[in-house]
Amino acid sequence: MLVIRLFCNQGMSTSLLVTKMKEAAEKQGLEVDIVAYPANEMDSQLNGVDCALLGPQVGYLKSKAEKICGEKGVPVDVIPMIDYGTCNGEKVLEFAKALAGK
């Protein structure tokens, strides 16, 4: 099971991307747990997480996220704008898998 958490402004703008990522995982036969949350909930949403992804609109929080995630041993990075903007679930899933080392 690959556990991925996406963080954005309100946790809603990434809902379509989460759906597309789940569809891509299903095609690959990969079991995933992918949920989006507002960035201000990051502290409380990292238990058992393989990687955390930031929406480009909150990319400015990357250094703060690296500190929070680093304390919990969770790799974090910003989703590439092109993949986020086009809701390319397959590419973002691959990005997350690489970040998680899976």
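First, a word on what this report is: a plain description of the structure on this page.

What counts as what
Residues numbered from 1 in each chain as written. Predicted model: local features only at pLDDT ≥ 70, side-chain atom pairs only at ≥ 80, totals over all residues. Heavy atoms only, no water. Helix = DSSP H or I, 4+ residues; strand = E, 2+ residues; numbered from the N terminus. Expected span 1.5 Å × (residues − 1). Buried < 20%, exposed > 50% of the residue type's maximum accessible area, 1.4 Å probe, protein only. Arc of directions from axis to C-beta. Contact = heavy atoms within 4.5 Å. Pairing = 2+ DSSP bridges. Salt bridge = Lys/Arg side-chain N within 4 Å of Asp/Glu carboxyl O. Axes fitted to C-alpha atoms, helices over the stretch in contact; angles between N-to-C directions. Parallel < 35°, antiparallel > 145°, perpendicular 65-115°, else oblique. Nonpolar A, V, L, I, M, F, W, Y, C, P; charged D, E, K, R; others polar.

### Some words on helix α4 (residues 89–100)
Alright, step 1. Between its first and last C-alpha, α4 extends 16 Å over 12 residues, near the 16 Å set by a 1.5 Å rise per residue.
Alright, step 2. Listed as buried for α4 are G89, V92, L93, A96, K97 and A100. Here the buried residues of α4 occupy an arc of 140° about the axis, which is enough to place them on one side. Seen from the buried face of α4, the exposed residues on the opposite side, beyond 90 degrees, are E90 and A98.
Alright, step 3. In the core, the buried residues of α4 are packed alongside β1 (2–8), α1 (15–28), β2 (32–38), β3 (51–54) and α3 (81–85).
Alright, step 4. Among the residues trailing α4, G101 stands out with phi positive, at a value near 75°.

### Looking at the environment of L54
Alright, step 1. Mapped onto the secondary structure, L54 falls in strand β3.
Alright, step 2. In this view, L54 contacts F7, M42, L61, K62, A65, V76, D77, V78 and I79; residues no more than four positions away in its chain are not counted.

### Brief notes about the pairing of β1
Alright, step 1. With seven of seven residues buried, β1 lies mostly within the body of the structure.
Alright, step 2. Side chains L2, I4, L6 and C8 project from β1 onto one buried face, and the interleaved V3, R5 and F7 project onto a second face that is buried too.
Alright, step 3. Relative to β3, β1 is paired through four bridges, and the arrangement is parallel. Bridge pairing links R5 to A52 in β3.

### Side note on the environment of E26
Alright, step 1. Here E26 is to be found in helix α1.
Alright, step 2. Residue classification places E26 among the exposed residues on the basis of a relative accessible area of 67%.
Alright, step 3. Remark: the alpha-carbon pair of E26 and L16, spanning 10 residues in sequence, is separated by 15 Å.

### Some points on the pattern of salt bridges
Alright, step 1. Summed over the entire model, instances satisfying the criterion amount to six salt bridges.
Alright, step 2. D50 is paired through a salt bridge with K102; the nearest N and O atoms lie 3.5 Å apart. One end of the pair, D50, is in the loop between β2 and β3; the other, K102, is in the segment after α4, and 52 residues separate them in sequence.
Alright, step 3. Beyond isolated ion pairs, a larger network of salt bridges with shared partners links K62, E66 and D77.

### As for the packing of α1 against α4
Alright, step 1. Interhelical geometry of α1 versus α4 gives an angle of 75° and a closest axis separation of 8 Å. Here α1 lies roughly perpendicular to α4, going by the angle between them. Only G89, E90, V92, L93, E94 and K97 of α4 make contact with α1, whose side of the interface consists of L17, K20, M21, A24, A25 and Q28.
Alright, step 2. Among the residues forming the contact of α1 with α4, the class breakdown is six nonpolar, two polar and four charged.

Remember that the coordinates give geometry; whether it matters functionally is a separate question.
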